[in-house]
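Take a look at the letters that make up each chain.
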Amino acid sequence: MAIQHAVLALLARGPSYGYELKGAFEAAVGPQWGPLNIGHLYQILDRLSRDDLVVAERHAQPVKPDRVVYEITEAGRAELDRWLAEPSPRSGGFRDDFFLKITAAARSGEAATVRTVLTNQRGHLMRELRNLDGLRRRTDDPVVGLLLAAASRHVEADLAFVDDAEAVLLADGGALLATLTGSPSTHSAPRPASGPAQAAG
């Protein structure tokens, strides 16, 4: 996740400190992201400082401990511009825990197992979709609303995959599943003769 670039974007608006950045990030991206761990945020800020993308300055406070204020550098602005100009590939490719679960359920050859996996996933996704829709109706921020709508589209795509899996794996009463239980071939390639090779002749 390019959280470090989101932090640079926040600092491009002006200097800030850790907890202020945490609140600004959470307000900017919306509730579907979840809270940003403050320890993780400080790790990101330390990395940005080491890479000379931000500078840190300690400000004394009369009662509380000193506050460290971060400011973006010219190198940081250049890195932010570079990131914004590039397309965003999928961070995890198409690897997904549910894909592996479908694989395991299908290879079991048991229609009941496949049905249970699909039913549980569909219920989870429907609850997630209702929650996102409720959050979207309550937000006044158009960007947050847009991000929540995007999250809903991802969930809808996952629901479509559940429907596809049900249509392919269960439409024939489990006949297809019976063909998927075979174990990989145990035949091995011929082993080379042990010992020194003998000359032909």
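Residues numbered from 1 in each chain as written. Predicted model: local features only at pLDDT ≥ 70, side-chain atom pairs only at ≥ 80, totals over all residues. Heavy atoms only, no water.

A few points about the packing of aromatic side chains
Right, on to step 1. Within this structure, the stated rule accounts for 3 aromatic pairs.
Right, on to step 2. Ring geometry for phenylalanine 98 against phenylalanine 161: centres 5.9 Å apart, planes inclined by 90°, an arrangement best described as edge-to-face. Here phenylalanine 161 lies in helix H7 (residues 142-170) and phenylalanine 98 lies in helix H5 (residues 97-108), a separation of 63 residues in the sequence.
Right, on to step 3. Overall, the relative accessible area of 8% leaves phenylalanine 98 in the buried class. (Phe/Tyr/Trp six-rings, centres within 6.5 Å; stacked < 30°, edge-to-face > 60°. Helix = DSSP H or I, 4+ residues; strand = E, 2+ residues; numbered from the N terminus. Buried < 20%, exposed > 50% of the residue type's maximum accessible area, 1.4 Å probe, protein only.)

As for the pairing of strand S3 (residues 67-72)
Sheet faces and side chains relate simply in a regular strand, where the side chains alternate between the two faces.
Right, on to step 1. Here strand S1 (residues 16-17) pairs with S3 via 2 bridges, running antiparallel. Bridge pairing in S3 places serine 16 opposite tyrosine 70.
Right, on to step 2. Across 6 bridges, the pairing between strand S2 (residues 54-59) and S3 is antiparallel. The partner of arginine 58 across the bridge, within S3, is valine 68. (Pairing = 2+ DSSP bridges.)

Some remarks on helix H6 (residues 111-138)
Right, on to step 1. For H6, spanning 28 residues, the distance from its first C-alpha to its last is 41 Å, which sits close to the expected 40 Å at 1.5 Å a residue.
Right, on to step 2. By the burial criterion, the buried members of H6 are Ala111, Val114, Val117, Leu118, Gln121, Leu125, Leu129, Leu132, Gly134 and Leu135.
Right, on to step 3. Contact partners of the buried residues in H6: H5, H7 and helix H8 (175-178). (Expected span 1.5 Å × (residues − 1). Contact = heavy atoms within 4.5 Å.)

What about the nonpolar core?
The nonpolar side chains of soluble globular proteins are, as a tendency, buried together.
Right, on to step 1. Counting 22 residues, the largest nonpolar core has Ile102, Val114, Leu118, Leu169, Leu170 and Leu177 as the members making the most contacts within it.
Right, on to step 2. In this view, isoleucine 102 contacts Val117, Leu118, Phe161, Ala165 and Leu169; residues no more than four positions away in its chain are not counted. (Core = buried A, V, L, I, M, F, W, Y, C linked by side-chain atoms within 4.5 Å.)

As for helix H3 (residues 38-50)
Side chains of residues three or four places apart in an α-helix project in the same direction, reflecting 3.6 residues per turn.
Right, on to step 1. A rise of 1.5 Å per residue sets the reference length of H3, with its 13 residues, at 18 Å; its end C-alpha atoms lie 18 Å apart and thus fit the reference within 8%.
Right, on to step 2. Residues of H3 that are buried in the fold lie against helix H1 (3-11), helix H2 (18-29), S2 and S3.
Right, on to step 3. The distance from a side-chain oxygen at the start of H3 to the backbone nitrogen of glycine 39 is 2.8 Å, and the residue carrying that oxygen is asparagine 37.
Right, on to step 4. In the stretch just after H3, aspartate 52 is the one whose phi turns positive, near 60°. (Polar contact = N/O pair within 3.5 Å; in protein donor to acceptor, adjacent residues only side chain to side chain.)

Some words on the confidence of the model for the protein
Any segment with low pLDDT has predicted coordinates that should not be analysed in fine detail.
Right, on to step 1. Across the protein, the average pLDDT comes to 86, with 90% of residues at 70 or higher.
Right, on to step 2. Here H8 stands out as the element of the protein with the lowest mean pLDDT, 84, in contrast to H3, whose mean of 95 is the highest.
Right, on to step 3. Across residues 183-201, where pLDDT falls below 50, the model places 0 contacts with residues more than four positions away in sequence or in other chains. (pLDDT = per-residue confidence, 0-100.)

What to know about the sheet that holds S3
Right, on to step 1. Read from one edge of the open sheet, 3 strands run S1-S3-S2, paired in antiparallel fashion. Of all the strands in the sheet, the pair left with one neighbour each is S1 and S2.

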